[in-house]
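# Structure assessment
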Number of protein chains: 2
Amino acid sequence: MRDEVDALVASWARERPDLDLSAMQVLSRVSRLALHLDRARKEAFSAHRVVAWEFDVLAALRRAGAPYTLSPGALIRETMVTSGTMTNRVDRLVHRGLVTRSADPSDRRGVLVTLTPEGRDTVDGALGSLLDAERRLLSGLSEDEQTQLAGLLRSLGLSFTDLAA
Amino acid sequence: MRDEVDALVASWARERPDLDLSAMQVLSRVSRLALHLDRARKEAFSAHRVVAWEFDVLAALRRAGAPYTLSPGALIRETMVTSGTMTNRVDRLVHRGLVTRSADPSDRRGVLVTLTPEGRDTVDGALGSLLDAERRLLSGLSEDEQTQLAGLLRSLGLSFTDLAA
DNA sequence: TCACAGAGTCTCGATATCAAGAATCTCGCC
DNA sequence: GGCGAGATTCTTGATATCGAGACTCTGTGA
């Protein structure tokens, strides 16, 4: 079977036969899959009245374990956004009652963001739906293929970050 | 070697030992790789004074072949954005002198967007830098591994779009 | 003890996107 | 020959992001 990327590469090959397009075969597929995955996540979250950026923040707090508290700086590192974005996100989550913001007793510059019980219920529900949706999306691949794919993606990601460093 | 996703999954496993997290092993890596890839593309394009959304539009026109003309509707389908976004993009590309906008002689509702010679030079240069960067990012994988990865991603993408349909 | 480099967070302005609806035009069908 | 459903593009308003700089506080070294 041919996919959209095969068509993409064929078009380029026709217009630019001088170029080596093999890298596109891998990386264009990664980008396109990520786009489709974003849509699927959005869909899975909608039943829990959560959007993706909200889930990202709530999930980072949930993963941290009780008492479900992290600094904005830690949330920035977990979610890979800028500080201005995180301030804005925490504001809106506080307004929705899913997290609280309090002063860090041990550092007066600092702030602590904590999941509320409602925030915890929300993120636990959304995670369940997300995993259901993801399993469905992966159902076309055998278990072996999934393992193999995860391994190759791990290798690729590790060499990415090595090159960036 | 362990990567960020191994750590992510380990955190969830500690907090939610009741859940099957295997899908994350694949799909979280896809999302994270796409993020890193976006940064790398931005970097590769900067030498040509182009940003990613500009490249996406110019590349669609370039791939179409001479006379490098497509309708906004065709560009929307190629780049997967909404019509409002495309209107805005074409406006700015016209302003930069990289494309022209003209009336479609055969359909008075329609518009035709055409690459200028400067637009063509720009996209050809940017494509070269992009492919160089992508090859560098893939250099940690053997040729066989790259082929295998491309094949698995193709299968996954095809089953995605089947499920959506 | 007091500057000061740096950490941590927030503010502000610029930018880009989407969704929904408006405006215009085409074409099949009665 | 003109009605109306649908195609095509643009407009508008809401939303979210980033980047740069401001502000406050910490902790080290003179």
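On a predicted model such as this, the values are computed, not experimentally measured, just so you know.

## Examining the overall build of chain A
Within chain A, the regular secondary structure consists of seven helices and three strands. Counting helices and strands in the order they occur from the N terminus, chain A gives α-α-α-β-α-α-β-β-α-α. On C-alpha atoms alone, chain A measures out to a radius of gyration of 20 Å, which is more than a quarter above the 15 Å that the 2.2 N^0.38 rule sets for 165 residues. Reported as C-alpha extents along the three principal axes, the dimensions of chain A are approximately 60 × 35 × 30 Å. For chain A, the residues scored as buried account for 34% of the 165 residues in total.

## Considering the interface of chain A and chain B
With 50 residues of chain A at the interface, the matching set in chain B holds 50 residues. Residue composition of the side of chain A that touches chain B, by class: 25 nonpolar, 12 polar and 13 charged.

## Quick look at the protein's contact with DNA strand D
Taken together, the neighbourhood of DNA strand D is formed by 22 residues, with Gly84, Thr85 and Arg108 of chain A together with Gly73 and Gly84 of chain B sitting nearest. Only helix H5 (83-95) of chain A together with helix H4 (72-79) and helix H5 (83-95) of chain B provide two or more residues apiece to the surface near DNA strand D. Of the residues forming the surface near DNA strand D, the biggest block, five residues, is contributed by H5 of chain A. Looking at side-chain class alone, the surface near DNA strand D contains six nonpolar, 11 polar and five charged residues.

## What to know about the relation of the copies chain A and chain B
Superposition record for chain A on chain B: RMSD 0.0 Å, screw rotation 180°, translation along axis 0.0 Å. Here the copies are linked by what is in effect a two-fold axis. A high fraction, 100%, of the interface residues of chain A reappear at the interface in chain B, so the copies pair face to face through one surface.

## What to know about the sheet that holds strand S2 (residues 99-103) of chain B
Residues and elements named next belong to chain B. Spatial ordering of the open sheet is given by S1-S3-S2, a layout of three strands whose pairing is antiparallel. Each edge of the open sheet is held by one strand with a lone partner, namely strand S1 (69-70) and S2. Pairing between S2 and strand S3 (residues 111-115): five bridges, direction antiparallel. Across the sheet, residue Ser102 finds its bridge partner in S3, namely Leu112.

## A short note on the protein's contact with DNA strand C
Close to DNA strand C lie 22 residues, the nearest being Gly73 and Gly84 of chain A together with Gly84, Thr85 and Arg108 of chain B. When contributions to the surface near DNA strand C are tallied by element, the ones reaching two or more residues are helix H4 (72-79) and H5 of chain A together with H5 of chain B.

## Topic: the sheet that holds strand S3 (residues 111-115) of chain A
Spatially, three strands are ordered S1-S3-S2 (chain A) in an open sheet, and the strand pairing comes out antiparallel. Since the sheet does not close on itself, it has two edges, and those belong to strand S1 (69-70) and strand S2 (99-103) of chain A, each with one partner.

## Here we look at H5 of chain B
Residues and elements named next belong to chain B. With 13 residues, H5 should cover 18 Å at 1.5 Å per step; its first-to-last C-alpha distance of 18 Å lies within 8% of that length. Of the positions making up H5, those classed as buried are Met86, Arg89 and Leu93. On an axial view of H5, the arc spanned by its buried residues comes to 65°, and they lie on one face. Exposed and oriented more than 90 degrees from the buried face of H5 are Gly84, Asp91 and His95. In this structure, the buried side of H5 is in contact with helix H3 (52-63), H4 and S2.

## Some remarks on the nonpolar core
Ranked by size, the top nonpolar core spans 75 residues in total, and within it Leu61 of chain A together with Leu61 of chain B carry the most contacts. In terms of residue count, the dominant contributor to this core is helix H2 (residues 22-46) of chain A (nine residues). Aside from chain neighbours lying at most four places away, what touches Leu61 of chain B is Tyr68, Leu70, Val99, Val113 and Leu115 of chain B.

Rules of the game
- Residues numbered from 1 in each chain as written.
- Chains lettered and ligands numbered in written order.
- Predicted model: local features only at pLDDT ≥ 70, side-chain atom pairs only at ≥ 80, totals over all residues.
- Helix = DSSP H or I, 4+ residues; strand = E, 2+ residues; numbered from the N terminus.
- Rg over C-alpha atoms; globule rule 2.2 N^0.38 Å.
- Buried ≥ 20, exposed ≤ 12 C-beta atoms within 10 Å, placed from the backbone.
- Contact = placed C-beta atoms within 7 Å.
- Nonpolar A, V, L, I, M, F, W, Y, C, P; charged D, E, K, R; others polar.
- Near = placed C-beta within 6 Å.
- Least-squares fit on C-alpha atoms with pLDDT ≥ 70 in both.
- Pairing = 2+ DSSP bridges.
- Expected span 1.5 Å × (residues − 1).
- Arc of directions from axis to C-beta.
- Core = buried A, V, L, I, M, F, W, Y, C linked by C-beta atoms within 7 Å.

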